[in-house]
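As a plain string of letters, each chain reads:
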Amino acid sequence: MKTFKGFLAADIQRTFLNPNEFADNCTIDGEEVKASLESLTDNKHPLAYAEGVSLVADTLFVDVLELGYMPDQGQRMVINGNEYSVIRVASDKGMLAIYLEANAG
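Note that the structure is predicted; figures quoted are calculated from it, not measured.

## Some words on the overall build of the protein chain
The helix and strand tally for the protein chain stands at two helices and seven strands. In sequence order, the protein chain lays out its α and β elements as α-β-β-β-β-α-β-β-β. Within the protein chain, buried positions represent 30% of all 105 residues. Across the protein chain, the fraction of contacts at a sequence separation of at least 24, relative to all contacts at a separation of at least 6, is 45%. Counting every atom, the protein chain has about 6,800 Å² of accessible surface; 50% of that belongs to carbon and sulfur.

Here is the structure:
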């Protein structure tokens, strides 16, 4: 008999990290992985940061096993050709939520 945790782990792979459902094939530091990159800002209206500079805030959801490592705060990551700084990382049931920022403009 499967447990709730077992069903949850299967759902993460079958639904959340399924490219036909939520995920996309993302290039992260030169490696292609299934992940979901969610933008917290509208590209046309990034967050005001400093005069002439805007801040883009995104969150990357990825399986820690597929990514292959746990990112560190302050680390630089290149995702789909855009360079980000890792603000913080949360982990739950093998899924990582990597909170990212990038300067724009």
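After presenting the structure, the write-up continues.
## Topic: the nonpolar core
Core analysis: the biggest nonpolar cluster contains 15 residues, and Ile28, Leu60, Val62, Met77, Ile79, Ile98 and Leu100 have the highest contact counts within it. Those elements that provide at least two residues to this core are β1 (24-28), β2 (31-39), β4 (53-63), β5 (76-79), β6 (82-92) and β7 (95-104). Examining the composition of this core, we find that four residues originate from one element, β7, more than from any other. In this view, Val62 contacts Val33, Lys34, Ala35, Leu67, Gly94, Met95, Leu96 and Ile98; residues no more than four positions away in its chain are not counted.

## Overview of the side chain of Thr59
Its place among the elements puts Thr59 in strand β4. For Thr59, a relative accessible area of 4% gives the class buried. Every residue in contact with Thr59, bar those within four places of it in the chain, is listed here: Ser36, Leu37, Glu38, Leu40, Ala97, Ile98 and Tyr99.

## Here we look at the side chain of Ser36
Mapped onto the secondary structure, Ser36 falls in strand β2. The exposure class assigned to Ser36 is buried, which follows from its relative accessible area of 2%. Here Glu38 takes part through its side chain, which lies 2.7 Å from a polar atom of the side chain of Ser36. Those residues within four positions of Ser36 in sequence are excluded, and the remaining contacts are Phe16, Phe22, Thr59, Leu60 and Phe61.

## A short note on the pattern of salt bridges
According to the stated counting rule, one finds one salt bridge in the structure shown. Between Arg76 and Glu83 there is a salt bridge, with the nearest N and O atoms lying 3.5 Å from each other. The exposure class assigned to Arg76 is exposed, which follows from its relative accessible area of 53%. We classify Glu83 as partly exposed; its relative accessible area is 48%.

## Overview of the environment of Glu101
Positionally, Glu101 belongs in strand β7. With a relative accessible area of 29%, Glu101 lands in the partly exposed category. Considering only alpha carbons, one finds Glu101 and Leu40, 61 residues apart in sequence, at a separation of 9.9 Å. If sequence neighbours within four positions are ignored, Glu101 has contacts with Leu55, Val56, Tyr84, Ser85 and Ile87.

Criteria and thresholds
- Residue numbers here run from 1 along each chain, matching the order of that chain's written sequence.
- In keeping with the model being predicted, local features are shown solely for residues with a pLDDT of at least 70 and side-chain atom pairs are shown and tallied solely at 80 or more, while totals for entire chains, interfaces and linings include all residues.
- Note that the side-chain values use all heavy atoms of the structure and ignore hydrogens as well as water.
- Working definition: helices are DSSP H or I runs of at least four residues, strands are E runs of at least two. Numbering for both runs from the N terminus.
- Partly exposed describes any residue whose relative accessible area lies between the buried limit of under 20% and the exposed limit of over 50%, with all areas from a 1.4 Å probe on protein chains only and scaled to the type maximum.
- When checking whether two residues touch, look at their non-hydrogen atoms; a contact exists if any pair is within 4.5 Å.
- Method for areas: the Shrake-Rupley scheme with a 1.4 Å probe, in which residue coverage is limited to the protein chains shown.
- For the purposes of this section, nonpolar cores are sets of buried Ala, Val, Leu, Ile, Met, Phe, Trp, Tyr and Cys residues that join through side-chain atoms within 4.5 Å.
- The definition of a polar contact used here is a pair of N or O atoms within 3.5 Å, where within protein one atom must be able to donate a hydrogen and the other to accept one, and adjacent residues in sequence count solely through side-chain atom pairs.
- By definition, a salt bridge exists where a carboxyl oxygen of Asp or Glu is found within 4 Å of a side-chain nitrogen of Lys or Arg.

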